[in-house]
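# Chains, contacts and geometry: an overview
Residue strings, one per chain:
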Protein chains: 2
Amino acid sequence: MEYKKELERLISDLKTNYLPSVSMDLVIFGFHDGQLKVLLLRWKETDDWCLPGGRIRHEENLETAAYRSLRERTGLSELFLQQFHTFGDVIRYKNYSREETLTKLGLPDEALKEFASRDVSVGYYALVEFAGVTPTPDFFAAECRWWDINQIPLLLFDHNDMITLALKTLRRQLSYQPIGYNLLPDKFTMPDLQQLYETILGQPLDRRNFQKRMLGYGILERLDERKTGGAHKAPYLYRFSKEKYEKALADEILFVG
Amino acid sequence: MEYKKELERLISDLKTNYLPSVSMDLVIFGFHDGQLKVLLLRWKETDDWCLPGGRIRHEENLETAAYRSLRERTGLSELFLQQFHTFGDVIRYKNYSREETLTKLGLPDEALKEFASRDVSVGYYALVEFAGVTPTPDFFAAECRWWDINQIPLLLFDHNDMITLALKTLRRQLSYQPIGYNLLPDKFTMPDLQQLYETILGQPLDRRNFQKRMLGYGILERLDERKTGGAHKAPYLYRFSKEKYEKALADEILFVG
DNA sequence: CCAAAAGTGTTGTAAGTACACCCATGC
DNA sequence: GCATGGGTGTACTTACAACACTTTTGG
């Protein structure tokens, strides 16, 4: 059986090349249609969803591993990535019991031993440009797609909590440093950016104050173009000034090691 | 040889009962004599210092393990503990090369295999009441004592960076939630509290504004006592109202899993 | 009685919030 | 021409920063 052989190969690869006891979970945020989205995986043969994850190779930095896993799921390598918490409870089953969860995973016994063992998991969240993403399932997943943040189902493990904490961290971060570089297309309008902020924060903002604040950061360039084709007055297009944006981030984040 | 036997026992215990590839490092802050202190360990047979650390038992939650390790080094169980970052670079040697570091550790070959392997390490910082601490070395340490935050020597591994990041996190935390419950004795004066804040932040604060802000949090009770014995006007004593303090923390920290 | 620390209120300033009118475009 | 959304500036409010005099105590 093709599947079984591949599974064996994977498990052996896992045992030889990856650190035991540690994994990563990824909360990948995208923005589309005025909605904040999260990328989820559906396990083969079930209706149950969970966050994409990954493991760390022996000779690989933790952060490098996170970037690699992100690339594997999204096809993107330009993105904003941030560690937000490390989850280390022995029991990480939440919505379903351990037995239910293992049944749902539907793995043969020799694989279960590997997958049911206890991991400490480092949580990362990423901000990516929705349009650039090609959601790609991994070996165990039947499907990989975006979910609206307000319609996330009950997930396997403690993954609902992870999303909640990632979002909370993201919101706080928004208050002390600019965000958007990796969530919006290259050129965008001020209303686009505002909608992004409103979506993340879950509340409306004043147009004029918002613009004042954003321009105040000094990280935006207004282009001489306007966005045409809309049904109304054509808004200006803006672009992030990459150097200034990076600088603003660096001022805040001391290091991300 | 007693040492060698004990070492063998420890290594075997480590292999059987603790998670591989994951460890913890602890930045334990105390406050004394108007100075912020950090608890460091000195390795046997060397002059080199490093942060205390710990490992996680198979059936033990990450946070429980951190509390346990803290108790082992300080004797305290009542304290403020906060995860601040997870360090996962393959190369975590910084001030000294890998070879230098291994030499300094001065361990026999069979132990080196265990200790030189690569770990992902979860960083915690703790705030403890200085007077209540009994600094206790572990098996590998010759000495365990407080160091003034401004006089930390070059440490083994990336531990200087860890202290820097822990302090940065602590300072930021100070700006959006009250701290002090586990750093001060039960009863303390407003100048005591202010000195604590000034020490952590590394800058002087205005007495009147400080008092206004602290009382504004609504987490302090002024007692009818004053602190006598000082050479000048006797200051009032205050106490944290535990329920209100806990509530203020809970409002900010969603969960600490 | 003097030096040193603690108790206490008010004023200024800066950042953030609220708010309204004119303009361009597609239908 | 009208409905819809975008461009723009000012007044208000609120949180924070600056600041000085009186009181107590030990020496």
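Residues numbered from 1 in each chain as written. Chains lettered and ligands numbered in written order. Predicted model: local features only at pLDDT ≥ 70, side-chain atom pairs only at ≥ 80, totals over all residues. Heavy atoms only, no water.

An unreviewed UniProt entry lists chain A under the name NUDIX hydrolase, with Spirosoma pollinicola given as the organism.

### Points about the environment of Leu39(A)
Where we set the bar: The way it works is that DSSP assigns letters per residue, a run of H or I at least four long becomes a helix, a run of E at least two long becomes a strand, and they are numbered from the N terminus. What makes two residues a contact is simply this: any of their non-hydrogen atoms within 4.5 Å.
Position of Leu39(A) relative to the elements: it lies in strand β2 (residues 35-43). Those residues in contact with Leu39(A) that lie beyond four places of it in its chain are Ile28(A), Leu51(A), Pro52(A), Arg73(A), Thr74(A), Pro135(A), Cys144(A), Arg145(A) and Trp146(A).

### Considering the interface of chain A and chain B
So the rule is basically this: When two parts are brought into contact, each loses some accessible area as probed by a 1.4 Å sphere; the total of that loss over both is the buried area. The term salt bridge refers to a side-chain nitrogen of Lys or Arg lying within 4 Å of a carboxyl oxygen of Asp or Glu. In the analysis that follows, any N or O atom pair within 3.5 Å is treated as a polar contact, provided that within protein one partner can donate a hydrogen and the other can accept it, and provided that, for residues neighboring in sequence, both atoms belong to side chains. Polar here means any residue outside two lists: the nonpolar Ala, Val, Leu, Ile, Met, Phe, Trp, Tyr, Cys and Pro, and the charged Asp, Glu, Lys and Arg; Gly therefore counts as polar.
Facing 33 residues of chain A, the contacting portion of chain B comprises 32 residues. Carbon and sulfur atoms supply 57% of the area buried between chain A and chain B, which totals about 2,700 Å² over both sides. Joining chain A to chain B, the criterion identifies zero salt bridges. The tally of links from chain A across to chain B stands at 17 residue pairs in polar contact (both at pLDDT 80 or more). Going through the elements one at a time, β5 (80-87), β6 (120-127) and α5 (159-176) of chain A are the ones with two or more residues in the side of chain A that touches chain B. Considering each element in turn, the side of chain A that touches chain B owes the most residues, six residues, to α5(A). Within the side of chain A that touches chain B, the residues separate by chemical class into 15 nonpolar, nine polar and nine charged.

### Some details on the protein's contact with DNA strand D
Formally: Residues are classed as near a molecule or strand on a simple rule: at least one heavy atom within 4 Å of it.
Taken together, 20 residues lie around DNA strand D, and Arg207(A), Lys212(A), His232(A), Tyr236(A) and Arg208(B) are the ones closest in. When the atoms of DNA strand D within 4 Å of the protein are sorted by group, sugar and phosphate make up 41%. Within the side chain of Arg207(A), a nitrogen or oxygen atom sits 2.8 Å from a base nitrogen of DNA strand D. Elements represented by at least two residues in the surface near DNA strand D include exactly α7 (207-217) of chain A together with α7 (207-217) of chain B. Along the lines of polarity and charge, the residues of the surface near DNA strand D split into five nonpolar, five polar and 10 charged.

### Overview of the domain arrangement of chain A
Residues and elements named next belong to chain A. Test applied: In this document the domain limits rely on a domain assignment from an automatic tool or a database.
Domain assignment breaks chain A into domain 1 (2-173) and domain 2 (180-252). Between domain 1 and domain 2, the C-alpha centre-to-centre distance is 30 Å. Facing the 15 residues of domain 1 at the interface are 14 residues of domain 2. Between domain 1 and domain 2, roughly 1,200 Å² of surface is buried when both sides are summed, and carbon and sulfur atoms account for 63% of that area. Interface area lost by domain 1 to domain 2 is led by Phe31, Glu129 and Arg171, which between them contribute 45%. Where domain 1 meets domain 2, there are one salt bridge. A salt bridge links Lys242 to Glu78; its shortest N-O distance comes to 3.6 Å.

### Points about the layout of surface pockets
All names here are of chain B. Defined as follows: The definitions used throughout rest on a 1 Å grid laid over the protein atoms alone, on which a cavity is an enclosed set of points accommodating a 1.4 Å probe that cannot get out and a pocket is an open set flanked by protein within 12 Å on both sides along at least five of seven lines; lining residues are those having an atom within 4 Å of a point. Grid points are joined across faces, edges and corners, and a volume is the space filled by probe spheres set on the points.
Approximately 1,400 Å³ is the volume found for the largest pocket. Forming the boundary of the largest pocket are 48 residues, of which Leu14, Ser23, Arg55, Phe115 and Asp119 lie nearest the centre. Secondary structure elements with two or more residues in the lining of the largest pocket: α1 (2-17), β1 (22-32), β2 (35-43), β4 (53-54), α2 (62-74), α3 (98-105) and α4 (109-115). No other element matches α1, which puts five residues into the lining of the largest pocket. Taken together, the residues that form the lining of the largest pocket break down as 25 nonpolar, nine polar and 14 charged.

### What to know about the protein's contact with DNA strand C
The environment of DNA strand C is made up of 20 residues, and the closest members are Arg208(A), Asn209(A), Ala231(A), Arg207(B) and Tyr236(B). Counting only atoms of DNA strand C within 4 Å of the protein, the fraction found in sugar and phosphate groups is 37%. Within the side chain of Arg208(A), an N or O atom sits 3.1 Å from a base nitrogen of DNA strand C. Asn209(A) is positioned such that a nitrogen or oxygen atom in its side chain is 2.8 Å from a base nitrogen of DNA strand C. If you list the elements that add at least two residues to the surface near DNA strand C, you get α7 of chain A together with α7 of chain B. Taken together, the residues that form the surface near DNA strand C break down as five nonpolar, five polar and 10 charged.

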